[in-house]
Amino acid sequence: MATETKAEFKPKILVFACNWCSYAGADNAGVNRMQYPPDIRVIRTMCSGRVSPGHVIDAFRMGADGVLWSGCHFGDCHYIFGNYEAEKNYKKLEQMLKLMGVDHRRFRLEWVSAAEGNKWAALIKEFVEDIKAAGPSPHKQNGTKPVELPVI
Amino acid sequence: MMDAGRHPLIDVFTLSEVVGLAGRPGNYRATIRTAPRYVDIDLCTGCGQCSEVCPVAVPNEFDMGLGTRKAIYSPFPQAVPNAYTLDFESCLNDVILACERCRQACDIHAIKYDDAPKEVTVPVGSVIVATGTGVYTPYLKGDYGYGIYPNVMTGLEYERLLNASGPTNGRVIRPSDGKVPEKVAFIQCVGARCTLAGGEYCSRFCCLNSAKCALLTKDHEPDVEEVSIHYIDMRAFGKGYDEFYRRTQGEDWIHYVRGKPSKILEDPKTHDLMLYTEDQKTGKPGIHKAGMVVLASAGLPNRQMTEPLGKLLGIETDEYGFFEARQSNTQALEATRDGIYLCGCSRGPEDIPDSVAQASGAAALAAKYLADDRIPPVVEDIPQVDTSGEPRIGVFLCHCGINIAHVLDVDKLGEAAKGLPHVVHVQSDLFACSDQAQRVIQEKVAEHKLNRVIAAACTPRTHEPIFRETLRLIGLNPYLFEMVNIRDQCSWVHTNEPIEAQKRANDQIRMAVARAARLEPLEKKELKVNPSAVVIGGGLAGMRAATDLAVQGFPVTLLEKSDKLGGRARELNVTFPEEYDAETLFNEAYDRLQNSGAIIKTETEIEKVDGFVGDFTVHTTNGPIKAGAIILAVGSDIYNPVGEYKYGLTAGVITNMELESLLAKKDDEIEVNGNPVKTAAFIQCVGSRDVKTNPGCSRYCCITTIKQALAMRKRGINVIVYYRDMRTFSHHAEQAYREAREAGVMFVRYNDDDKPEILGDKTVTGIKAYTESIGEEVECDAEMVVLAVGLSPYKETYAKLKEILKVPTGPDGFFMERHPKLGPVETNTEGIFVCGCAQGPKDLTDSVSQASGAAGKAATLLAHETVLLDPTTCEVDSYLCRDCGTCIEICEFHAPGRTEVAPGIFAAAINEALCKGCGTCAAMCPTGAIKARHFTDDQIDSMMKAFLLGTNA
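Residues numbered from 1 in each chain as written. Chains lettered and ligands numbered in written order. Predicted model: local features only at pLDDT ≥ 70, side-chain atom pairs only at ≥ 80, totals over all residues. Heavy atoms only, no water.

A. Fine view of the overall build of chain A. Counting its secondary structure elements, chain A contains 5 helices and 4 strands. Reading the helices (α) and strands (β) of chain A from amino to carboxyl end gives α-β-α-β-α-β-α-β-α. Considering chain A as a whole, with its 152 residues, one finds that 58% of them fall into the buried category. Pairs at least 24 residues apart make up 80% of the contacts formed inside chain A by residues separated by at least 6 positions. Within the structure as shown, chain A displays about 6400 Å² of accessible surface, and the carbon and sulfur contribution to it stands at 55%. (Helix = DSSP H or I, 4+ residues; strand = E, 2+ residues; numbered from the N terminus. Buried < 20%, exposed > 50% of the residue type's maximum accessible area, 1.4 Å probe, protein only. Contact = heavy atoms within 4.5 Å. Areas by Shrake-Rupley, 256 points an atom, 1.4 Å probe, with all protein chains shown as cover.)

Pasting the structure below:
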C-alpha cells in the first residue's frame with residue numbers, strides 16, 4: 001500500500017512530443033476535455049527523431065523522475081522514417097540507462113496519433129502512476145551541470 | 001482544411017450555395033447565397049462558452065445522430081472556420097420567450113440573432129464541382145432490418161463509434177444495451193452492385209473501409225472475439241490495398257465469408273442478430289450469429305441536390321445523379337460545359353487517393369482560364385526590428401474567455417513571469433488572438449522595445465501562424481515568437497486540479513522564457529523558380545500532364561525514350577466503356593498536345609539531373625534542359641508470363657494485349673493454327689496479387705477482360721472467365737459485367753492456391769479447374785486461353801531513374817508518392833511529381849486524371865516567381881563533423897551530402913532546399929556537429945533546466 005509520503009510525492013515528468021501526431025493528440029485530449037494528471041511538462045519537437053538519448057540522460061541527471069518520448073505511429077511520420085530512427089535511438093538509450101541503473105518504468109517510447117486524445121490521456125495517467133510507484137528518482141546529480149557518463 | 005481556410009487567395013463561403021451562374025468560360029459570374037450563421041465569423045474565437053450554456057441538445061449530424069450537440073455548436077473539433085453556428089430551428093430563443101443564454105455568455109459579443117441571408121455575385125473564370133456523394137440509406141428499403149433492429153448500423157455510423165472523439169469515445173458498444181459485442185459482422189455492397197435499390201455501380205471505397213474497421217475493432221475492443229466480412233468480391237484494387245487485405249486475412253479472428261446474407265432476423269430479447277447465409281463450399285444454408293451488424297452502405301448522390309445544380313450550371317447528370325464527364329477516358333474531369341470541371345465523388349464514387357489526385361487535376365484544368373489573371377506577388381517593404389541585443393521578452397497571457405481563467409489564475413501566472421530573466425513586459429487579455437489584442441501586442445513591442453514575444457494561450461498548432469504574422473507585419477522576425485499551451489494541454493485537461501495545473505502552467509511559461517531567450521531570427525530563403533517543366537514519358541499520362549501545363553503558358557518539354565508518343569495506348573483497339581477507338585483517342589490527345597505549344601522530344605533519355613526545386617537541370621541525350629519542376633510519367637511494364645500456363649510453349653495461349661491486336665483486325669476470324677476458336681478461356685490475375693511477382697492488383701485487367709469477352713461474344717465465341725475476385729469498380733464497369741453475364745459469358749472462381757490447368761501440349765485443347773459451386777474439378781474444351789497479365793515496374797528504367805531523381809520506390813517496386821492521401825502525385829523530392837502507372841498500376845482514365853493532378857501540383861509551384869524555404873532546417877558545423885556519413889544514410893530527403901571543406905578534408909553539408917527540418921540527423925550525429933535550427937540542443941537543454949533545476953540562466 002502506498003504510504004503517506006508516497007501519496008504526497010509529486011513527480012517531475014518530462015515529455016517529448018512530436019508536433020504532428022503526439023502534440024496534436026494531446027491537443028485532441030484537451031478539445032475532448034479528457035482529464036489526466038498535471039505532473040507532466042511537455043517539450044514540443046518537430047519529430048520524435050529529433051530527441052537524442054543524450055537529452056533523456058541529461059533529464060535524469062537534472063532530476064527528472066520520468067521521461068516519456070512520443071511520436072507518430074509507424075507509417076504516419078510526417079518525415080517518413082523519423083520515428084523509426086527514434087526507435088533505434090531508444091534501443092540504444094535502453095542499454096545506456098540500464099548501465100546507469102535507471103528503473104525501466106521511468107522511461108517510455110510511445111506512439112500517439114493526432115486523433116488519439118483518449119490514448120494520450122490514458123497513457124499519461126498510466127505513466128504518472130508508474131512513476132509514483134517507482135518513487136523519487138535517485139539519479140539526480142549534484143550541481144547544475146550534468147556529469148560525464150561513467151567509463152565502462 | 002486549415003490550409004484552405006488560411007490561404008490568402010481562398011475565400012471560403014460556408015452555409016452557402018450557388019444560386020446562379022451567368023457569363024461564359026473564363027468570365028463567369030457566380031451568385032452565392034449564404035444562410036445566416038447568427039455568429040459573427042470574424043469575432044468568434046471558437047472558445048465554446050456559448051455551447052456550454054446552451055440548454056438545447058439535438059442529435060449530432062456529424063456523429064450520424066449517435067451523439068448530441070447543442071443548438072449553438074461547432075460540427076467537429078477541427079472545423080474550418082473555427083466559428084460556432086446557431087441552428088435557429090432548434091434554438092429556444094423566439095420572440096415571445098427569450099433564452100439569450102448564449103448571447104449573455106459571449107464575452108466578445110459575436111452572437112447576432114438578427115443575422116440575415118446574404119447574396120453576393122463574384123466573377124470567376126472557371127467552376128469546379130466537388131459536391132461529393134450522399135450515402136445510400138438502407139432505411140428506405142428496410143434492408144437487413146436497419147432502422148428496426150438497434151444493433152444494425154451503417155459503415156459511417158460504425159466509423160463514428162471507432163473515432164476517439166466520437167459519441168462513444170472510441171468504444172464499440174451496442175446501441176441496444178451498451179455492451180461490447182462478441183461478434184461483429186460486416187455486410188458489403190448494401191445499395192451497391194444492385195439493380196433493386198441504390199446503384200448498379202461499385203462504390204469503390206467500402207471493401208477496404210470494412211477491412212480497416214474490422215482491424216481497428218480489436219484495437220478498440222480486445223474483447224471482440226470474431227469479426228466476419230460478408231462480401232461478393234473483395235475489391236482491394238488501390239495501391240497497397242491488397243497487402244492490407246492479406247494482413248487482415250492473416251488475423252485468425254477476422255473471417256471473410258463469400259456471399260451476401262439473404263436476410264437478418266433479430267432475437268427480440270437479446271437483440272442478437274441472425275444472418276442467413278449460404279456455405280459456398282457445400283451450398284447449404286446456415287445461420288451466422290452476430291451481436292452487431294455493419295452495413296457497408298454505398299455512395300449514392302443526392303439527386304435533389306445534384307440535378308437542380310446541374311441544370312443551374314448547365315451540365316449533365318447521369319442516370320444515378322452523378323455529374324457526367326465529357327469523355328470517360330481522357331476528359332473524365334471535364335463537365336459537359338466549358339470551364340466547368342469535376343472531381344472526387346461528384347462524378348462517381350471514389351476512394352480518397354483518387355479523389356485528391358483528381359482535385360489537383362480539376363484545379364489544373366480550371367487554371368487554363370485563369371492563367372492571364374494570376375495575382376502578382378505583393379511586394380512588402382517592412383523595416384526590420386533590430387534583435388541583436390540582449391533578449392527583451394514580452395509575455396502575453398490569454399484568458400480565452402473563461403476557458404483558461406476558470407482553472408488558472410492568469411494574473412498570478414503573470415506575476416510569476418515578471419520575475420523571470422529578460423522578461424520586461426507582461427500583460428493579459430481576455431482573448432489574445434482577437435484583432436484588438438493583436439494590435440496591442442504590436443504597440444507593446446514598439447513601446448518596450450521587445451525582441452522576443454511569448455503568448456501563453458492555446459495551441460501553437462492553430463494559433464502560432466496568427467501571432468507570427470502579427471509580428472512579421474511590424475518587422476519583428478516571426479521566429480522570435482514562442483507559444484505556451486495553457487489551454488488545450490492545461491486548463492482543459494486538469495480542470496479539477498487547479499493548484500497543480502497552475503504549477504504546470506508556471507513551469508511551462510518558465511521553460512518558454514528560457515527557450516525564447518535563445519531563439520534566433522531566421523530568414524526564409526528565397527529560391528528563384530524557373531517557370532518551366534520537364535515531363536518524362538510520352539504515354540497518354542505524360543502527354544496529358546504536358547498539355548495541361550503548356551496551356552497555362554508554362555514552357556514544357558516532353559521527353560520520350562522511343563520514337564513515338566502514345567505509350568501503351570497505341571497497342572489498344574477500343575477503350576472502355578464507350579468503345580472509343582483508341583487510335584482516335586490518341587489522335588485527339590496528340591492534337592491537344594501540339595496545340596498547347598509543348599516541345600516534344602522523342603528518342604531522348606535522361607542521363608543526370610542537377611539542382612533542386614525551382615531550378616533543375618535535366619541532362620538528356622539531346623542536351624541539357626532547365627526546369628523548375630519535373631513530372632515523372634514513365635508508365636509501367638507488362639508482366640511477362642513466360643513459363644506460366646504454358647505461355648510460349650502451347651499454341652493458343654496468348655496475353656490480353658495480344659488478343660487486343662487480334663480484335664483490332666475487325667474482319668478476320670479469330671483462329672489458332674488456322675482453326676477457328678469456338679471457346680476462349682480468360683485467366684485473371686496473371687502476375688497480379690501474387691506475392692512472388694506483383695503483390696498488388698493491376699486494376700485494369702478485370703474490366704479489359706469484360707470488354708474483350710463482350711467483343712468475343714459478338715463474334716459468336718463462347719467465353720469462360722476464371723477469376724479470383726471480379727474487380728469491376730470503375731465507372732460503368734459493373735454494368736458491363738452484368739451485360740457480360742447476360743450475354744452468356746461464364747464466370748468461374750478459382751482459389752489462390754488452386755490455379756486452372758491448361759490441357760493440350762502443342763495446341764490448347766481445354767482447361768481444367770476446381771469449381772467451387774460444383775465441388776469438383778471440371779474440364780472445359782477451349783481452343784484459346786487468354787492470360788490477363790498484370791502491370792509490373794520497369795525494373796531497369798526505374799532503378800536508373802531512382803538513382804538520378806532520388807525518388808524512392810515502394811515495396812511493390814513502383815515510385816512512391818509523398819503520402820497516399822495528402823500527396824498522391826507529389827514525391828519526397830520537392831519539385832518532382834509522379835503520375836500514371838509509374839506510381840502504381842491503373843487504368844487509362846485514372847492515369848490521365850492523375851496526370852492532370854500532377855500538372856496541377858507542378859503549376860502551383862511554377863506560378864510563383866520564387867519559392868520560400870522554411871528556415872527551420874539543419875546545418876552542419878564542418879569543424880565538428882567527422883565525415884562519418886550517418887546523416888547521409890538516415891535522411892529520407894537526401895538533404896545531407898559531402899563537401900570538401902579543405903583540400904582532402906570532407907564534411908557533411910545540408911542542402912537547405914531539400915531539408916524538411918525534422919532534426920533527426922541532429923539527434924543521430926555522434927559528434928553534435930548538426931544544429932537543428934529553432935529546435936537546437938541549447939534551446940531544448942534550457943527548457944529542461946528551467947523545469948528540472950528551476951534555473952533560467
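B. The arrangement of the interface of chain A and chain B in detail. Contact residues are listed per partner, giving 52 residues for chain A and 52 residues for chain B. Both sides of the chain A and chain B interface together cover about 4600 Å² of buried area, and 60% of this is carbon and sulfur. Among the residues of chain A in contact with chain B, R41, R50 and M62 of chain A are the three that bury the most area, contributing 17% of the side total. Joining chain A to chain B, the criterion identifies 4 salt bridges. With its nearest N and O atoms 3.8 Å apart, the salt bridge here joins D27 of chain A to R461 of chain B. Between the two partners, chain A and chain B, sit 20 residue pairs in polar contact (both at pLDDT 80 or more). Going through the elements one at a time, β1 (13-18), α2 (22-31), β2 (40-45), α3 (53-62) and α4 (82-100) of chain A are the ones with two or more residues in the side of chain A that touches chain B. (Buried area = accessible area lost by both parts, 1.4 Å probe. Salt bridge = Lys/Arg side-chain N within 4 Å of Asp/Glu carboxyl O. Polar contact = N/O pair within 3.5 Å; in protein donor to acceptor, adjacent residues only side chain to side chain.)

C. Helix α17 (residues 701-714) of chain B, seen in detail. Residues and elements named next belong to chain B. In this model α17 runs 20 Å from its N-terminal to its C-terminal C-alpha over 14 residues, within 8% of the 20 Å that 1.5 Å per residue would give. Of all the 14 residues making up α17, 11 are buried; the element is thus mostly covered by neighbouring parts of the structure. For α17, the set of buried residues is C701, C702, I703, T704, T705, I706, K707, Q708, A709, L710 and M712. G716 occupies a position one or two residues after α17 and carries a positive phi of about 80°. (Expected span 1.5 Å × (residues − 1).)

D. Focus on empty space enclosed by the protein. Throughout the structure, instances matching the rule amount to 13 cavities of 30 Å³ or more. In this structure, the largest cavity is lined by 16 residues; those nearest its centre are Y23 and V42 of chain A together with E482, M483 and M943 of chain B. For the lining of the largest cavity, the residue count by class is 9 nonpolar, 3 polar and 4 charged. Estimates place the volume of the second largest cavity at around 170 Å³. Every residue lining the second largest cavity is counted, 19 residues in all, and those nearest its centre are C891, E892, F893, C918 and T920 of chain B. (1 Å grid on protein atoms, 1.4 Å probe; cavity = no way out; pocket = protein on both sides within 12 Å on 5 of 7 lines; lining within 4 Å. Points joined across faces, edges and corners; volume = space filled by probe spheres on them. Nonpolar A, V, L, I, M, F, W, Y, C, P; charged D, E, K, R; others polar.)

E. View of the pattern of salt bridges. All names here are of chain B. All chains considered together, the criterion is met by 66 salt bridges over all chains. For K444, the salt bridge identified is with E447, shortest N-O distance 3.4 Å. Remark: E447 and K444 occur in helix α10 (residues 435-447); sequence separation between them is 3 residues, near one turn of the helix. Of the charged contacts in the structure, one is a salt bridge between K608 and D610, with a shortest N-O distance of 3.8 Å.

F. Structural detail: the sheet that holds strand β25 (residues 533-536) of chain B. Residue and element names in this part refer to chain B. The strand order β29-β26-β25-β33-β46 describes an open sheet built from 5 strands, whose pairing is parallel. Lying at the two open borders of the sheet, with one neighbouring strand each, are β29 (599-601) and β46 (832-834). Across the sheet, the axes of successive neighbouring strands diverge by a mean angle of 20°, strand direction being ignored. Bridging between β25 and strand β26 (residues 556-559) involves 4 bridges; their strand directions are parallel. (Pairing = 2+ DSSP bridges. Axes fitted to C-alpha atoms, helices over the stretch in contact; angles between N-to-C directions.)

G. Looking closely at the nonpolar core. All names here are of chain B. Residues I72, V395, L408 and I486 are the most contacted members of the largest nonpolar core, which totals 63 residues. Mapped by element, the contributors of at least two residues to this core are β20 (393-398), α9 (410-418), β21 (423-429), α10, β22 (452-457), α11 (460-473), β23 (481-485) and α13 (498-517). Sort the elements by how many residues they give to this core and α13 lands first, with 7 residues. Counting residues in each nonpolar core, the second largest holds 42 residues, with A569, F586, A858 and V867 among its members. (Core = buried A, V, L, I, M, F, W, Y, C linked by side-chain atoms within 4.5 Å.)

H. Quick look at helix α15 (residues 582-596) of chain B. Taking 1.5 Å of rise per residue, 15 residues should cover 21 Å, and α15 of chain B covers 21 Å from first to last C-alpha, within 8% of that figure. Just downstream of α15 of chain B, G597 of chain B is the residue with a positive phi angle, here 90°.

I. Focus on a negative patch on the surface. Residue and element names in this part refer to chain B. Together, D667, D668, E669 and E671 line one region of the surface with negative charge. Mapped onto the fold, D667 is located in the loop between α16 (656-664) and β36 (671-672). Using a relative accessible area of 76% as the deciding quantity, one classes D667 as exposed. (Patch = residues over 30% accessible without salt bridge, like charges linked within 9 Å, V, L, I, M, F, W, Y side chains within 5 Å. Lys, Arg positive; Asp, Glu negative; His and termini not counted. Charge placed at Lys NZ, Arg CZ, Asp CG, Glu CD.)

J. Here's a closer look at the packing of aromatic side chains. Across all of its chains, the model carries 22 aromatic pairs over all chains by this definition. Taking 6.1 Å as the distance between ring centres and 55° as the angle between the ring planes, the aromatic pair formed by Y90 of chain A and F107 of chain A counts as tilted. With Y90 of chain A in helix α4 and F107 of chain A in strand β4 (residues 107-111), this pair connects stretches of sequence that are 17 residues apart. You'll find Y90 of chain A and F107 of chain A in the same group, each marked buried. With a centroid separation of 5.3 Å and an interplanar angle of 70°, the aromatic rings of Y201 of chain B and F322 of chain B are classed as edge-to-face. With Y201 of chain B in the loop between β11 (183-190) and α5 (206-220) and F322 of chain B in the loop between α7 (303-313) and β19 (340-342), this pair connects stretches of sequence that are 121 residues apart. (Phe/Tyr/Trp six-rings, centres within 6.5 Å; stacked < 30°, edge-to-face > 60°.)

K. Inspection of the pairing of β2 of chain A at higher detail. All names here are of chain A. With 6 of 6 residues buried, β2 is to be regarded as a mostly interior element. A two-sided burial pattern is seen for β2, the buried positions comprising I40, V42 and R44 on one face and R41, I43 and T45 on the other. In this sheet, β2 lies alongside β1 in parallel orientation, the contact comprising 6 bridges. Residue pairing across strands places V15 opposite V42, the latter belonging to β2. Once you follow β1 into α2 and on to β2, the crossover reads as right-handed. (Right-handed = clockwise from strand over helix to strand, strands pointing away.)

L. The arrangement of the state of the cysteines in detail. Applying the stated criterion across every chain yields a total of 1 disulfide over all chains. The disulfide bridge from C21 of chain A ends at C72 of chain A, spanning 2.4 Å between sulfur atoms. Residues C21 of chain A and C72 of chain A are joined through a disulfide that is right-handed, its torsion about the S-S bond being 100°. Taken as a pair, C21 of chain A in the loop between β1 and α2 and C72 of chain A in the loop between β3 (66-71) and α4 lie far apart in primary sequence, 51 residues in all. C887 of chain B carries a free sulfur, and the closest cysteine sulfur to it, the one in C921 of chain B, is 6.2 Å from it. The class of C887 of chain B is buried, set by a relative accessible area of 10%. (Disulfide = S-S within 2.5 Å.)

M. Here's a closer look at the environment of K260 of chain B. All names here are of chain B. Relative to the elements of secondary structure, K260 occurs in the loop between β13 (254-258) and β14 (263-266). The sequence separation of K260 and Y231 amounts to 29 residues, and the corresponding C-alpha distance is 5.8 Å. Contacts of K260, omitting those with residues within four sequence positions, involve Y144, I187, Q188, C189, Y231 and I232. A polar atom in the side chain of K260 sits 2.7 Å from the backbone oxygen of C189.

N. Quick look at the packing of helix α14 (residues 540-550) of chain B against α15 of chain B. All names here are of chain B. Where α14 contacts α15, the two axes come as close as 8 Å, and the packing angle between them is 30°. Crossing geometry of α14 relative to α15 is assigned as left-handed. Where α14 approaches α15, its residues L540, M543, R544, A546, T547 and A550 are matched on the opposing element by L585, F586, A589, Y590, R592, L593 and S596. In terms of residue class, the contact of α14 with α15 is made up of 9 nonpolar, 2 polar and 2 charged. (Left-handed = near helix turned anticlockwise from the far one by under 90°.)

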